[in-house]
Structure formats: structure tokens, C-alpha cells
Amino acid sequence: MYTRSPFLASIALIVVAAAPVPAAAATSLRVMPPEGTTVAVGQRFDLRVEASAPAGSAAPAGLRVMLDGVDITDRNTLDAGSNGERGYGGTGAAATNLPISHRAGQAPPHTSNFLVRDLAFDTPGDRIVEVRTADGATARVTLQVVAWDAPRRGRARARNIIFLVGDGMGIAHRTAARIVGRGLVNGKARRPLAMDTLEVSGTVSTSALNAVITDSAPGMSSYVTGAKSNNNQEGVFPDNTLDDPFDNPKVEYLGEFLRRLRGRGFNVGIVTTGDVTDATPGANAVHTSDRLASDGIAARFFDERDRNGVTVLMGGGSSHFVADGSRGARTDGRDLGAEFTAAGFTRVDTAPALAALSAGAPPRRLLGLFSPGTMPVAFDKVGAGRYSDELAREANAARRDAPMLRDMAAAALRTLEAHSPAGFYLMVEAASIDKAAHNADAERAIWDTLELDGAVEVALAFAARTNSDADATNDTLVIVTADHECGGLALIGVGNERYAPQSLGRAVRDYAAVFRFEPEQRLDFTTNYEIGPDGYPVNPDPSRKLLLGWAAAPDRYENWLSNRYYRSATAITRKVENDVSRPIAVANPQRDSGLPQADNKSVSGEAIPGFLVEGVIENGEYACAPQEQCGDTSSLALNTSGHTATDVVLSASGPGALQFTGAHENTAIFFWMLRATTGSYPNTIEELRASRAR
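Everything quoted here is computed from the prediction, not taken from an experiment.

1. Here's the deal with helix α4 (residues 254-262)
All of the buried residues along α4 are L254, G255, E256, F257, L258 and R259. Of the residues trailing α4, G263 is marked for its positive phi of about 90 degrees.

2. Structural notes on empty space enclosed by the protein
In total, this model carries 4 cavities of 30 Å³ or more according to the counting rule given. The calculated volume of the largest cavity comes to roughly 140 Å³. A442, E443, E558, W560 and L561 are the residues nearest the centre of the largest cavity, which is lined by 15 residues in total. For the lining of the largest cavity, the secondary structure elements donating two or more residues are α13 (442-466) and β22 (546-550). In terms of residue count, β22 provides more of the lining of the largest cavity than any other element does, 4 residues in total. Of the residues contributing to the lining of the largest cavity, the split by class is 8 nonpolar, 1 polar and 6 charged.

3. Here's the deal with the packing of helix α2 (residues 171-182) against α13
Relative placement of two packed helices is described by the angle separating their axes and the distance separating the axes. Where α2 contacts α13, the two axes come as close as 9 Å, and the packing angle between them is 85 degrees. If you check the angle between α2 and α13, you find them roughly perpendicular. Within the contact between the two elements, α2 uses H173, R174, A176, A177, V180, G181 and R182 and α13 uses A445, I446, W447, T449, L450, D453 and E457. In terms of residue class, the contact of α2 with α13 is built from 7 nonpolar, 3 polar and 4 charged.

4. Considering the environment of L143
Here L143 lies in strand β8 (residues 138-146). With a relative accessible area of 5%, L143 lands in the buried category. Separated by 59 residues in the primary sequence, L143 and G84 have C-alpha atoms spaced 30 Å apart.

5. Describing unusual backbone geometry
In this model, M32 is joined to P33 through a cis peptide bond whose omega is 10 degrees. Mapped onto the elements, P33 comes out in the loop between β1 (28-32) and β2 (38-40). Even without a glycine there, the phi angle at D68 is positive, about 50 degrees. Here D68 shows up in the loop between β4 (64-67) and β5 (70-71).

6. A word on the pattern of salt bridges
If you walk through the whole model with that rule in mind, you get 35 salt bridges. Taking the shortest distance from any N to any O, the salt bridge between K435 and D278 comes out at 3.3 Å. Residue K435 is found in helix α12 (residues 432-438), and its partner D278 is found in the loop between β13 (267-275) and α5 (279-282); the two are separated by 157 residues along the sequence. Beyond isolated ion pairs, a larger network of salt bridges with shared partners links R30, R48 and E50.

7. So, the sheet that holds β13
In spatial order, the strands read β15-β16-β14-β13-β17-β9-β18-β28-β12-β29; together these 10 strands make up an open sheet with mixed pairing. One side of each edge strand has no neighbouring strand; the edge strands of this open sheet are β15 (345-348) and β29 (662-665). The sheet shows a mean angle of 20 degrees between the axes of neighbouring strands, direction not considered. Here strand β9 (residues 158-166) pairs with strand β17 (residues 424-430) via 6 bridges, running parallel. Across the sheet, the residue bridging to F163 is M427, located in β17. Running at roughly 170 degrees to β13, helix α11 (residues 405-419) makes contact with β9, β13, β14 (310-316), β16 (365-369) and β17 of the sheet. Strands β9, β12 (200-205), β18 (475-481), β28 (648-653) and β29 of the sheet are contacted by helix α15 (residues 668-678), whose axis makes an angle of about 150 degrees with β9.

8. Description of the state of the cysteines
This structure, assessed with the given rule, holds 1 disulfide. The disulfide bridge from C624 ends at C630, spanning 1.9 Å between sulfur atoms. Taking the torsion about the S-S bond as the criterion, the C624 to C630 disulfide, at about -95 degrees, is left-handed.

9. Side note on the sheet that holds strand β6 (residues 111-119)
Strand order in the open sheet formed by 3 strands is β1-β3-β6, and the pairing between neighbours is antiparallel. Only two strands of the sheet have a single partner each, and these edge strands are β1 and β6. Averaged over all adjacent pairs, the angle separating strand axes in this sheet is 5 degrees, with direction ignored. Strand direction decides the pairing type here: β1 and strand β3 (residues 45-52), joined by 5 bridges, are antiparallel. Bridge assignment links M32 to a residue of β3, and that residue is R48.

10. Points about the side chain of T678
If you trace the backbone, T678 turns up in helix α15. Using a relative accessible area of 7% as the deciding quantity, one classes T678 as buried. Look past the residues within four positions of T678 in its chain and what remains in contact with it is W148, D149, A150, P151 and R157.

11. What to know about the nonpolar core
By size, the foremost hydrophobic cluster in this structure holds 148 residues, and its most contacted members are L164, M314, Y425, F660 and M673. For this core, the element with the most residues is α13, which contributes 13 residues. If we ignore the near neighbours within four places in the chain, the residues touching Y425 are I161, F163, M220, V224, L254, F266, N267, V268, G269 and N284. Formed by 8 residues, the second largest nonpolar core is a distinct cluster that contains Y511, L547, W560 and F611.

12. Quick word on the environment of A283
Position of A283 relative to the elements: it lies in the loop between α5 and α6 (294-303). For A283, a relative accessible area of 0% corresponds to the buried category. Sequence separation between A283 and V224 is 59 residues; the distance between their C-alpha atoms is 8.2 Å. Setting aside residues up to four positions removed in sequence, A283 forms contacts with A217, M220, S221, V224, E234 and Y253.

13. Here's the deal with the packing of α11 against α13
Packing of α11 against α13 leaves a shortest axis separation of 7 Å and a crossing angle of 30 degrees. In terms of orientation, α11 and α13 fall into the roughly parallel class. Relative to α13, α11 is oriented so that their crossing is right-handed. Taken together, the residues of α13 that come into contact with α11 (itself represented by L405, R406, A409, A410, L413 and E417) are E451, L452, G454, A455, E457, V458, A459, F462, R465 and T466. Looking at the contact of α11 with α13, its residues break down into 9 nonpolar, 2 polar and 5 charged.

14. Quick word on the environment of S432
Inspection of the secondary structure assignment puts S432 in helix α12. For S432, a relative accessible area of 2% corresponds to the buried category. Sequence spacing of S432 and L452 is 20 residues, and the spatial spacing of their C-alpha atoms is 9.9 Å. Beyond its immediate stretch of four places on either side in the chain, S432 contacts T273, T374, V377 and D448.

15. Quick look at the packing of aromatic side chains
Scanning the model with the defined rule gives 14 aromatic pairs in all. With a centroid separation of 5.2 Å and an interplanar angle of 80 degrees, the aromatic rings of F670 and F671 are classed as edge-to-face. Owing to a relative accessible area of 0%, F670 belongs among the buried residues under this scheme. For F671, a relative accessible area of 1% puts it in the buried group. Of the aromatic side chains, those joined through ring pairs into one cluster are F302, F321, F340 and F345.

The rules behind the values
- Residues numbered from 1 in each chain as written.
- Predicted model: local features only at pLDDT ≥ 70, side-chain atom pairs only at ≥ 80, totals over all residues.
- Heavy atoms only, no water.
- Buried < 20%, exposed > 50% of the residue type's maximum accessible area, 1.4 Å probe, protein only.
- Helix = DSSP H or I, 4+ residues; strand = E, 2+ residues; numbered from the N terminus.
- 1 Å grid on protein atoms, 1.4 Å probe; cavity = no way out; pocket = protein on both sides within 12 Å on 5 of 7 lines; lining within 4 Å.
- Points joined across faces, edges and corners; volume = space filled by probe spheres on them.
- Nonpolar A, V, L, I, M, F, W, Y, C, P; charged D, E, K, R; others polar.
- Axes fitted to C-alpha atoms, helices over the stretch in contact; angles between N-to-C directions.
- Parallel < 35°, antiparallel > 145°, perpendicular 65-115°, else oblique.
- Contact = heavy atoms within 4.5 Å.
- Salt bridge = Lys/Arg side-chain N within 4 Å of Asp/Glu carboxyl O.
- Pairing = 2+ DSSP bridges.
- Disulfide = S-S within 2.5 Å.
- Core = buried A, V, L, I, M, F, W, Y, C linked by side-chain atoms within 4.5 Å.
- Left-handed = near helix turned anticlockwise from the far one by under 90°.
- Phe/Tyr/Trp six-rings, centres within 6.5 Å; stacked < 30°, edge-to-face > 60°.

Now the structure itself:
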């Protein structure tokens, strides 16, 4: 049963619903931060108020904003409108002397708006925002400001935080990785995953501000801001501006916050197997309403480095750091890689170059870009030439020499520890658990979960040293979790050798055996993976392999075997109806079908045709009409598995770990981490119970 955390009850935003608008008023009001938001004492955030008249009407006049009974309308940073009022008619903040992070674009002309940047409160308690316009529209919101710096005697403090994210990793992904990568003996794992050994675990709800099911942008940023965001947005609240994806009202990230409080001795590291401008890495340092604004995100890692504190940045995405025309995708002419180097960053782009760093002193700043886009997945790196041919493709020539995640994590920790006397925050992401799950590629999702576990081992070894040495001020909190679940993954059975695809020469449903009740069971219902010295199976397709199913997958072919190439399970074709052609998603005949050219071969090279599995998520089959009135309510030709709203597991070890037990919103984790940094956390079950009763 889900029970709301009593701590959340004590910190939850207290909201008084907007007062009814008189019938004569046609103005609607929106206040950001929205209802349900919490902020920490001292944490900066932007306050934006939007007053909207019907499109085509004059903008509302007389917008007034009160904070705790004090009129702060004059603090509006937006330019004056035609009637002299700031923000009237959708004006932005365009002054060139403003910091780039403080500028604001134009809003629709039928709106009047208010914006104040970097608001913060130095004491906890209720803060009341009241809004009104000349035509009688009113709204009232009460913010709750949360205390977090009240140290308890004798409590260790986390100087460092290592936050490991399995993107899209649900409980099933973790379980599958344990069975496949560790094996079972008499019903018990031969040994646990590293992520299983953290002392405390709980569950986290992951919904976005505007959707039950989140994407990675708010899924990550909620952890490190304490505030919900809309899908596609990271570290910001929604607004009505038209063009600039970087002008939304912001809320301070954990790394930014601690950097500002502790000074330049505190640093931030971001490590991912994805593109460093992707949603999860971006949502630790860059504030944007568009997770796909990759070139701008890359630029802000650099341009705002004094504020975001990023001194270690590693992953894929090199194309966003090079000017167009020289292996790059940028169109603004900037050579960001050169700018990072000029600013003192040591740059590496291959696994050997990264390994060579260990021979000398740790670099003060580190930029590692190992692929033009997403880095190759563990399955293709570990299995290259044996059971995977993906990296042999000429298109992947620039991706072949990429390091493993554990090696990047180790290098990041070495640099951060050496040059962060006030501590650090390090985010480490296994990005392609999610990307493989989107492709309904079970083996690649499991292999990437095992790759994450290697990085967890590195983090735990680091924490074990810092938390047990003679220095009581250098302790480390380690957290392992996910931003959301992807694919609706389930462990559905074990292969019945009597119906093994390699034996029959084709795939059948009967291979997916379920348990029996026979007193003398002849069916061997255990897996038979052989684990290699690297911790991965030698053969991904033993006769009794673990079989996985996808609840949120599209149409696909299934032959129960791993794929030598990394392809989508679904293809897009066209459907013509009433002389109108539209896209529709269908099972990809190039993967697991019976076609001669399909990727359907066993490890030994035998073609194994699969069978069709119908999906249950939208595929664009049915048109929405009339199209001009449908907008985003029209179905999509979705060629990937979807995210789900299933809660994810969070495991913690180190100072303040006990806080993380139980079921929580992802936004609560921000406050738990802050309390861990000051020793302000409950340390016994009795204290935990008391803190949640308030």
C-alpha cells in the first residue's frame, strides 16, 4: 500500500485554490512554481505570473503581485509594454546587459506577465503569493519553504554524493540482470548485484508535472531540484514564451545550490553512456524547456560552468561540440571542444586515452567525448565479434573505441576527489537500459544494467574508503535508482529445451515455459548461462535462457534470441485511407522475421524465424479527423516501447541512508540529500517515525 510520506506532509506545498473569477472577468491566471511545489531554505527559483485574455483581445491591465502581503510588482524584470506596465502585451526581458540566464523572450500579445529571478527564502514556513488584475481575476498560492540545515550531534555528513541512474530501469531490469549475470543455485542468487548490497531501499513515484508517465527530463530533474517539471523540460517550470527554450522560470539544481553555498571547492561531475546533452545528464546542470535543444545544452555546460559547477563531463555527443563542417552538428560556428580545452579541461576521446590518465596526476577538469552521439551499448562492446556485429558496421567506426561506464566513473571520481576540497556531486547514468527497452531488446537492456552495476561497484568502493578512513569530513552518500521504468518489462518464463528455437529451427510460444506442480518435475526450469570473467554471459542464448516480455511494446517479431544488430523492433510504413497517406507503425521485418535478410540468426549462425507479437500501445492505425482540430490528441505511429508509470526502486548507502526507506515522490529525494549533507537526518527507526509524524 502506498502511504504518503509524513515528511512530505510536513513540507508539502499548501495551496489555496484560486478564488473564483467574477463573471465579468475573462482573464485566466497561472502562477509558477505551481501547486504542489516545495523549495528548500536558500534554494533559488524564479517566480512567474501569467495573465491571459482570450486570443485577439487586449492584454489584461493592472497585474499586481503580492508576496506575504507586500506588493512586489515593481520587482518585475520584464520590459515595459505599450501602456507603461512591465510585462504588458507579452514583453520579454531583452536587455543585453542581463546575464544570459536572466533574459526572457516574448509572450503572446494578449498576455501580461510578471517575472522575478533568483528568489529565495532564508527561513522556513509558508510564503503566500497573491495575484490580481484590474478586471477582478485573482489567485492565491501558498509556498512551503523547507528547513534542511539543522545538524544533529554526532551525525556524519555527506561531503560527496554519487547518484547512479539506470535510465528506464525498473525492478524487473534489476532482477533480470541478477539472474542472467549472477545465476541461481537452489533458488538463490549465486551472489547479489552491487546495487543489491546498499543498506537501504525504497520506492519512488516518477510522474511528471503534466503527465502520469514521465520522460527522462523531469524524471531526473525532480530528484535534483525538489520540483516537478513538464515532460520535455528540465530544471524549469512551464511558461508562455514563444521561442527561447532557455528562458523559462528556473529552479536551482542540487549541484548549483551546493556550489553556491560551498564555493568553488565544490564541483559537479556528469557521466553517461548516452549523449551528454540528453535529458538525464542535461537535467543535472542545464535549465531548458526543450530537452532536444542539444547544441544549446552543450553550450550552457560551458557558458554557465561557474554557476553549474561542472568540471567533469563524459559520454557521447561529440558532434555538439564541433562546428558544422568538421564532423560536427553545430550551426553557430563555435568549436566548443576547443573552448573547453582553453578553459583548462583535459580532453579525451578513446578508451586508451582515458586509461592513460591514471598514470599521472588527476586532471583538474575533464571532458571525455567518446562518440558522435550515444555511446555503444555494453552488449555490442562486450560481445563484439562473438555474438554482436553492430560495431563492425562502417557507420559505427567512430564508436568502436569507447570505454565502459565503470572506467568513466573511476576517472571522474579520481578527478573530483583530487580537486574538490568542499566535496562534489557526481551523476553516473547507464543511458541505454532505456534505449534498449524502447527497442524491446531484452539482452541489450540487461547487459546495460550489468554495466551500470559495474559503476555501482566503483562508487561503493570509493564510499567504503571515504566513510571508514580517519577523516570524518569526507564521507560519501551513494544512491542507485532510475528516472522511470521503460517497456513494462516482465520476467515471463524460462526456455523449455524441448521447444528451443535452435532445436526446432523456428521460434514458438511454447518455448516460454511456466512453472509446474509435478511432484517429480522433469522440466528443468532453471537458467543455464555460463558467466565469463568479465561478469557477462559467454553466450546470450543458452538452451534455458531467461525470457522477458514487454507490456508497453509495439508490434514486433520474436524469435527468443539475441540480435547481432541493434535495430528497432518496429518500422514505419504508410497507410492510405480516403486518398490520404499517413504513417503507421508495424513490426520491423528486418528483425526476427522469416525474411532472408532479417537479423534472426543464432550465435552459431542458424536462421530462426520468429512469430508476430501484437503490441498494445498506439501505432497510428486510426486517423483523427478533422486533422486540423486534433493537435496532439491524434494517435502517433509510435515505433518504440513506451515508458510506464510503475514506481522504481531507490537504494542508498552512507550518511542519511535511512531516510530513503519507504515510498516517496521523486521530489522528496532532493530534500533527503540536502539533509544528508548537513547531518540533519533521522538516524533510527524511532527518529524516522517521529520525523514523518510531523
